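Understanding the architecture of this molecule
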Amino acid sequence: MSKEIVVSGIRSTGYLHLGNYFGAIQNYVLMQENYECYFFVADYHALTTHPDPKELKSNVFRVAAENIASGLDPNKVALFAQSDIPEIPELYLMLNMLAYKGELEKVPTFKEKVRNHTDNVNAGLLTYPVLMAADILVHRAAKVPVGKDQEQHLEMARNFAERFNNRYGDFFPEPQVFRFNNDAVKIMSLDGNGKMSKSENVNATIFLSDDDNTIRKKIMKAKTDAGPTEHNSEMPDYIQNLFLLMQLTSRPEVTESFKNSFNTCTVRYGDMKKQLAEDMVAFLRPIREKAAELQKDEDALRRILKEGADRGRASSSKTIAGARKLMGMNYY
């Protein structure tokens, strides 16, 4: 019995952080056991912000290494660089003929990019949803794990699939949002302002590559307050975030002890953050060290990405052949 196909990608810009780990990678590791998974490093998407060519390769290798160090098994999934699958840009071009300027200009993420980067409003930003659709449809994926901010893009991918099917014949499945774990984990920035980000406030974001002392310093500077003044008070969101991090990395009895002290107005945030910092250090150290070792062996990473690309092309070439035939572009 064939497994359902899952596709997901992560941009090769910036460093992976706790939000990436708990919000995505942790679920990737669970998905690989029961689904046919295609996971890619989105280097084409990264080109919209014109990364330094000298850094692009090292960024791709680092993202791949950190995913593997976090538990992704290249023997169980196809892990590849987006640009190593030439069928993706070919399908991207086909789908662009089914996308319309007006609908692309209305996408909230495009509007945001226009406001924040007025000097770099390139066509790649405008057609980002089309490339994302090609990433997914080239493997004829049924399920796509995405966050709330990407759900509109996935809806557009379904629209493009439907337009292709209506025009040329039934071929593409309409991919659905995949909630592998309904209890989606959202990690806030340690300063209490929004979610952790690769670029917004790096001092309030814990990266998988942070060393032990950096982790300790960041957590000790995390936003807190004077503490509750009434028993069983409601926690502010930034305090909830610290307890969430503790729940994810500390022993259950440790978390429970600090929750009890919060509920009885005896919590000492300094002690809590010291405990959380040590538990976080112990949690991230093996991931950081394994990723660093992997990055030292570029030949091994090249082999992993090459093998993933071969598997990705085996899937995507069948899709392109089928699409070409339906479109009448099979000349020999």
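Please refer to the structure placed before this passage.
Reference entry: report on the structure contained in this document. (Residues numbered from 1 in each chain as written. Predicted model: local features only at pLDDT ≥ 70, side-chain atom pairs only at ≥ 80, totals over all residues. Heavy atoms only, no water.)

Some details on the overall build of the chain
On a plain count of helices and strands, the chain comes out with 14 helices and five strands. Over its C-alpha atoms the chain spans a radius of gyration of 22 Å, differing by no more than 12% from the 20 Å that the globule rule assigns to 332 residues. Projected onto the principal axes, the alpha-carbon positions of the chain cover approximately 75 × 45 × 45 Å. Relative to its full complement of 332 residues, the chain shows a buried share of 48%. Restricting the contact set of the chain to residue pairs at least 6 apart, pairs at least 24 apart contribute 78%. For the chain, the accessible surface area stands at approximately 16,800 Å², while carbon and sulfur atoms represent 49% of it. In the chain, the 43 positive side-chain charges and the 44 negative ones have mean positions that sit 2 Å from each other. (Helix = DSSP H or I, 4+ residues; strand = E, 2+ residues; numbered from the N terminus. Rg over C-alpha atoms; globule rule 2.2 N^0.38 Å. Buried < 20%, exposed > 50% of the residue type's maximum accessible area, 1.4 Å probe, protein only. Contact = heavy atoms within 4.5 Å. Areas by Shrake-Rupley, 256 points an atom, 1.4 Å probe, with all protein chains shown as cover. Lys, Arg positive; Asp, Glu negative; His and termini not counted. Charge placed at Lys NZ, Arg CZ, Asp CG, Glu CD.)

Some points on the packing of helix 12 (residues 252–263) against helix 13 (residues 269–296)
The interhelical angle for the contact between helix 12 and helix 13, taken along N-to-C directions, is 165°, at an axis separation of 11 Å. Classified by the interaxial angle, the pair formed by helix 12 and helix 13 is roughly antiparallel. For the crossing formed where helix 12 meets helix 13, the hand is left-handed. The residues of helix 13 that touch helix 12, namely those facing V254, F258 and F262, are Y269, D271, M272, Q275 and D279. Split into classes, the residues belonging to the contact of helix 12 with helix 13 amount to five nonpolar, one polar and two charged. (Axes fitted to C-alpha atoms, helices over the stretch in contact; angles between N-to-C directions. Parallel < 35°, antiparallel > 145°, perpendicular 65-115°, else oblique. Left-handed = near helix turned anticlockwise from the far one by under 90°. Nonpolar A, V, L, I, M, F, W, Y, C, P; charged D, E, K, R; others polar.)

Side note on the nonpolar core
If you look at the biggest cluster of nonpolar residues, it comprises 58 residues, and the most contacted ones within it are L18, F39, I206 and M280. At 10 residues, the largest contribution of residues to this core is made by helix 13. Leaving out residues up to four positions away in the same chain, F39 has contacts with V6, S8, Y28, M31, L72, V77, A78, L79 and F80. In this structure, Y128, A157, F171 and I320 belong to the second largest nonpolar core, which totals 42 residues. (Core = buried A, V, L, I, M, F, W, Y, C linked by side-chain atoms within 4.5 Å.)

Some remarks on the side chain of T249
In this structure, T249 sits in helix 11 (residues 237–249). Looking at T249, its side chain comes within polar contact range of the main-chain oxygen of L245, at 2.7 Å. Not counting the four nearest positions on each side in its chain, T249 is found in contact with F22, L276, D279, M280 and F283. (Polar contact = N/O pair within 3.5 Å; in protein donor to acceptor, adjacent residues only side chain to side chain.)

A look at the pairing of strand 2 (residues 36–42)
Of all seven residues in strand 2, six are buried; the element is thus mostly enclosed. Taken together, the seven bridges between strand 1 (residues 5–11) and strand 2 define a ladder with parallel strand orientation. By the bridge assignment, S8 is partnered in strand 2 with F39. Note on the crossover from strand 1 through helix 1 (residues 18–31) to strand 2: the handedness is right-handed. Strand direction decides the pairing type here: strand 2 and strand 3 (residues 78–81), joined by four bridges, are parallel. Residue pairing in the sheet places Y38 in a bridge with A78 of strand 3. (Pairing = 2+ DSSP bridges. Right-handed = clockwise from strand over helix to strand, strands pointing away.)

A closer look at the environment of A226
One can find A226 in the loop between helix 10 (212–220) and helix 11. Once the C-alpha coordinates of A226 and Y269 are considered, the two residues, 43 residues apart in sequence, prove to be 8.7 Å apart.

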